[in-house]
Amino acid sequence: MTIAKSNDIIAYPAPEIVAYMEQQADLFETAKPQLIEQFLGRYVWFENGQVLDSDVDREILLLRLYGDGEPRPLFIRKVMTIEPKLLVRSAPQLK
């Protein structure tokens, strides 16, 4: 998998990365009841229906997985019973 680049600046993920992340997200949601039993409150590296590594600290997990190597797409998510909802606030419109 590659990251689409423009003049060595990452512009957007390549289509295969987006497809990979969407597939892993679907598999994660399917496995979520079992994941909650074993990994509640932990960040997991999840791939093709399996947890390959986990940690309570996201940064430590990322450092362990990436080390000094080149970043690659990994599906990492915190296992929670209730997902946080994104709230976007905007300034009131002046008339």
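Look a little higher up for the structure.
To start, this report covers the structure provided alongside it. Worth saying up front: this structure is predicted, and the values here are computed from it rather than measured.

So, the pairing of strand 3 (residues 43–47)
Link 1 in the chain: The buried fraction of strand 3 is high, at four of five residues.
Link 2 in the chain: Where strand 3 and strand 4 (residues 50–55) come together, five bridges link them in antiparallel fashion. Bridge pairing in strand 4 links Trp45 to Asp53.
Link 3 in the chain: Where strand 3 lies against strand 5 (residues 76–78), three bridges are found, and the strand directions are antiparallel. Looking at strand 5, one finds that Val44 is bridged to Arg77.

Description of the sheet that holds strand 4
Link 1 in the chain: Reading across the sheet, the three strands line up as 4-3-5 and stay open at both edges, with antiparallel pairing between neighbours. Edge positions in the sheet fall to strand 4 and strand 5, since each of these pairs with one other strand and no more. In this sheet, neighbouring strand axes are inclined to one another by 30 degrees on average, regardless of whether the strands run parallel or antiparallel.
Link 2 in the chain: Lying over the sheet, helix 2 (residues 58–66) contacts strand 3, strand 4 and strand 5, oriented at roughly 120 degrees with respect to strand 4.

Side note on the pattern of salt bridges
Link 1 in the chain: Counted according to the given criterion, the structure contains four salt bridges.
Link 2 in the chain: For Arg64, the salt bridge goes to Asp53, with nearest N and O atoms at 2.8 Å. Placement of Arg64 in helix 2 and of Asp53 in strand 4 is noted, with a sequence separation of 11 residues between them.
Link 3 in the chain: Arg64 gets classed as partly exposed once you look at its relative accessible area, which sits at 41%.
Link 4 in the chain: Note that Asp55 and Arg64 form a salt bridge whose closest N and O atoms lie 3.1 Å from each other.
Link 5 in the chain: The structure contains a network of salt bridges with shared partners spanning Asp53, Asp55 and Arg64.

Scoring rules and cut-offs
Residues numbered from 1 in each chain as written. Predicted model: local features only at pLDDT ≥ 70, side-chain atom pairs only at ≥ 80, totals over all residues. Heavy atoms only, no water. Buried < 20%, exposed > 50% of the residue type's maximum accessible area, 1.4 Å probe, protein only. Helix = DSSP H or I, 4+ residues; strand = E, 2+ residues; numbered from the N terminus. Pairing = 2+ DSSP bridges. Axes fitted to C-alpha atoms, helices over the stretch in contact; angles between N-to-C directions. Contact = heavy atoms within 4.5 Å. Salt bridge = Lys/Arg side-chain N within 4 Å of Asp/Glu carboxyl O.

This is a description of form; function is not addressed.
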